[in-house]
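Coordinate analysis (summary)
Here is how the chains run, residue by residue.
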Amino acid sequence: MSTESYDDAIKRLGELLSKKSDLGNVAAAKIKKLTDELEELDSNKLDAVERIKSGFIYFKTNNYEKNPTLHNALAKS
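Rules used in this analysis
- Residues numbered from 1 in each chain as written.
- Predicted model: local features only at pLDDT ≥ 70, side-chain atom pairs only at ≥ 80, totals over all residues.
- Heavy atoms only, no water.
- Helix = DSSP H or I, 4+ residues; strand = E, 2+ residues; numbered from the N terminus.
- Rg over C-alpha atoms; globule rule 2.2 N^0.38 Å.
- Buried < 20%, exposed > 50% of the residue type's maximum accessible area, 1.4 Å probe, protein only.
- Areas by Shrake-Rupley, 256 points an atom, 1.4 Å probe, with all protein chains shown as cover.
- Lys, Arg positive; Asp, Glu negative; His and termini not counted.
- Charge placed at Lys NZ, Arg CZ, Asp CG, Glu CD.
- Domains from an automatic or database assignment.
- Contact = heavy atoms within 4.5 Å.
- Buried area = accessible area lost by both parts, 1.4 Å probe.
- Salt bridge = Lys/Arg side-chain N within 4 Å of Asp/Glu carboxyl O.

**Some words on the overall build of the protein chain**
Scanning the protein chain from N- to C-terminus turns up 3 helices and 0 strands. When the helices and strands of the protein chain are read in sequence order from the N terminus, they spell out α-α-α. On C-alpha atoms alone, the protein chain measures out to a radius of gyration of 25 Å, which is more than a quarter above the 11 Å that the 2.2 N^0.38 rule sets for 77 residues. Principal-axis analysis of the C-alpha atoms places the extent of the protein chain at approximately 75 × 25 × 10 Å. Considering the protein chain as a whole, with its 77 residues, one finds that 3% of them fall into the buried category. Carbon and sulfur atoms form 59% of the exposed surface of the protein chain, whose accessible area is close to 7100 Å². Of the side chains in the protein chain, 13 bear a positive and 13 a negative charge, and the two mean positions are spaced by 5 Å.

What follows is the structure in structure tokens.
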């Protein structure tokens, strides 16, 4: 199933649920869990980007702009 596409997986799930409708609640619970996991991965990615941005701004305002001579010398060397 690792090479299966998203569309194929959805199609197989639909076929299975049409044959065995009693699995609907089980499928719904697993889909909710998967959705929660994917949303968490997405939010972690955004958090990492925000951490990089805020770290850059912190460095720029608290280090770079307070000592431009040092940083210019470092850039040239």
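**So, the domain arrangement of the protein chain**
Frequently, the measure chosen for interface size is the accessible area removed from exposure when the parts meet. Along its sequence, the protein chain is organised into domain 1 (1-45) and domain 2 (46-76). Averaged C-alpha coordinates put domain 1 and domain 2 at centres separated by 43 Å. Every contact between the two is made by 4 residues of domain 1 and, on the other side, 4 residues of domain 2. Buried area between domain 1 and domain 2, both sides added, is near 300 Å², and the carbon and sulfur share of it is 34%. Counting across the domain 1 and domain 2 interface gives 0 salt bridges.

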